[in-house]
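Here is what each chain is made of, one letter per residue.
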Amino acid sequence: MQKNWVNGIKIVGIAAAVYLGMKYVLPAVIPFFIAWLLVKLVLPAADFFYRKYHLSRVLSGGFLLMLLLGVLAVLIYILGSQLWRQICNLAANLDGYALQTEQFVSDCCRMVEEKTGIHAQQMEQFVYQNFQVLEESVKSYSVPGMLKNSLSYMMGFFRWLGVFLVMFISVVLLLKDYDEIRRRLNEYPFFEQTSRILKAMQNLGGAWLKAQITIILIVMTVCVAGLWLLRYPYALLMGILIGLLDALPFIGTGTVLVPWALYLVFTGQAAYGICLGVLFLATNMLREYLEPKLIGDKIGVYPIVMVITVYLGLRIYGISGVILGPVSYLLIEEIYREMNPSSSRE
């Protein structure tokens, strides 16, 4: 009984430490953590160039990093320009979509009037009054907020620029003294324990994170391709949004595709609506098929537990909790196991 109390106190203490670390320490050290990951990524290639051509790690690693960032910047520019074009086109056609929505609401109200006897005009008035309240709320909160925070947005841009410079400099310095830093750190017993925890996190959390990113990218690609084949003018924008929604628990692609398909069926575009329904089934089946294949038993955690950790992460950390929630759970588990070597993974 006493042992259970001790273990419970340990878990609570570890959970509190992980929460404080994720909430307050991680934002401060994230540039250095990303720099360390980038060093681990380019270090094998830098060592190859050093052995083969006698180029220093700093020179070869810096060149590889610049090449990687350059390719990434080009891809972001191409994708961003296409997205911006579609957003501008969508904004230019909002009036037309508003008219279509009004027509749809009118048709629905007339249909309800035929079935229930409630006057369609009263229902339309009720719907439009609520739309007007929503529109005024958005304008009163979002527009002044954007104007008020425009300076903070600009400062945020320069802050992120500074973070990027710190990260780049950290990569160069880590490449230069990597072996010496590793040798010094290995002299501390605490570092050996931390290394074991980080290695376990890399194997467990890395497998989960890699699988989720892969699934999201595949679902996103399928959505973009499906909407493009249907000649939807905003295929890239909508496909990316639907793919991102698929990462959130209890939401998924059906949140957008199912109501959209039903709307098209009710407005006389049954073929288009059926195609969207097929697209929803395809993306849903893809996730159901890929999750066991990509994750399987690698993390030894029930899927429902991961869903719960994502939900709790969203409540505790905000939108970043989609990643931080499961990572926090796995970190708590690994720290507890390191403190209790006799415990084993169920």
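Quick note: structure is the one above.
Just so it is clear, the model here is predicted, and its values are computed rather than measured. (Residues numbered from 1 in each chain as written. Predicted model: local features only at pLDDT ≥ 70, side-chain atom pairs only at ≥ 80, totals over all residues. Heavy atoms only, no water.)

It is worth spelling out the overall build of the chain at this point. Secondary structure summary: the chain contains 11 helices and 0 strands in total. Scanning the chain from its N terminus toward the C terminus, one meets helices and strands in the order α-α-α-α-α-α-α-α-α-α-α. In the chain, buried positions account for 28% of the 346 residues. Across the chain, every contact between residues at least 6 apart in sequence was considered, and the portion connecting residues at least 24 apart equals 65%. Total accessible area on the chain is roughly 23500 Å²; 70% of this is exposed by carbon and sulfur atoms. (Helix = DSSP H or I, 4+ residues; strand = E, 2+ residues; numbered from the N terminus. Buried < 20%, exposed > 50% of the residue type's maximum accessible area, 1.4 Å probe, protein only. Contact = heavy atoms within 4.5 Å. Areas by Shrake-Rupley, 256 points an atom, 1.4 Å probe, with all protein chains shown as cover.)

Moving on, we come to the nonpolar core. Core analysis: the largest hydrophobic core is formed by 21 residues, its most contacted members being Leu227, Leu257, Trp260 and Leu276. Counting only elements with at least two residues in this core, the list comes to helix 6 (189–229), helix 7 (235–245), helix 8 (254–266) and helix 9 (270–294). It is helix 6 that contributes the most residues to this core, 6 residues altogether. Apart from residues lying up to four places away in sequence, Leu227 is in contact with Tyr232, Ala235, Met238, Gly239, Ile242, Trp260, Leu276 and Leu279. In terms of nonpolar packing, the next biggest core, distinct from the first, is built from 12 residues, Leu38, Val39, Val42 and Leu65 among them. (Core = buried A, V, L, I, M, F, W, Y, C linked by side-chain atoms within 4.5 Å.)

What follows deals with the packing of helix 7 against helix 8. Relative placement of two packed helices is described by the angle separating their axes and the distance separating the axes. Where helix 7 meets helix 8, the closest approach of the two axes is 9 Å, and the angle between their N-to-C directions is 125 degrees. On the basis of the axis angle, helix 7 is oblique to helix 8. Here Met238, Ile242 and Leu245 of helix 7 come into contact with helix 8, specifically with Val256, Leu257 and Trp260. Class assignment of the residues belonging to the contact of helix 7 with helix 8 gives a composition of 6 nonpolar, no polar and no charged. (Axes fitted to C-alpha atoms, helices over the stretch in contact; angles between N-to-C directions. Parallel < 35°, antiparallel > 145°, perpendicular 65-115°, else oblique. Nonpolar A, V, L, I, M, F, W, Y, C, P; charged D, E, K, R; others polar.)

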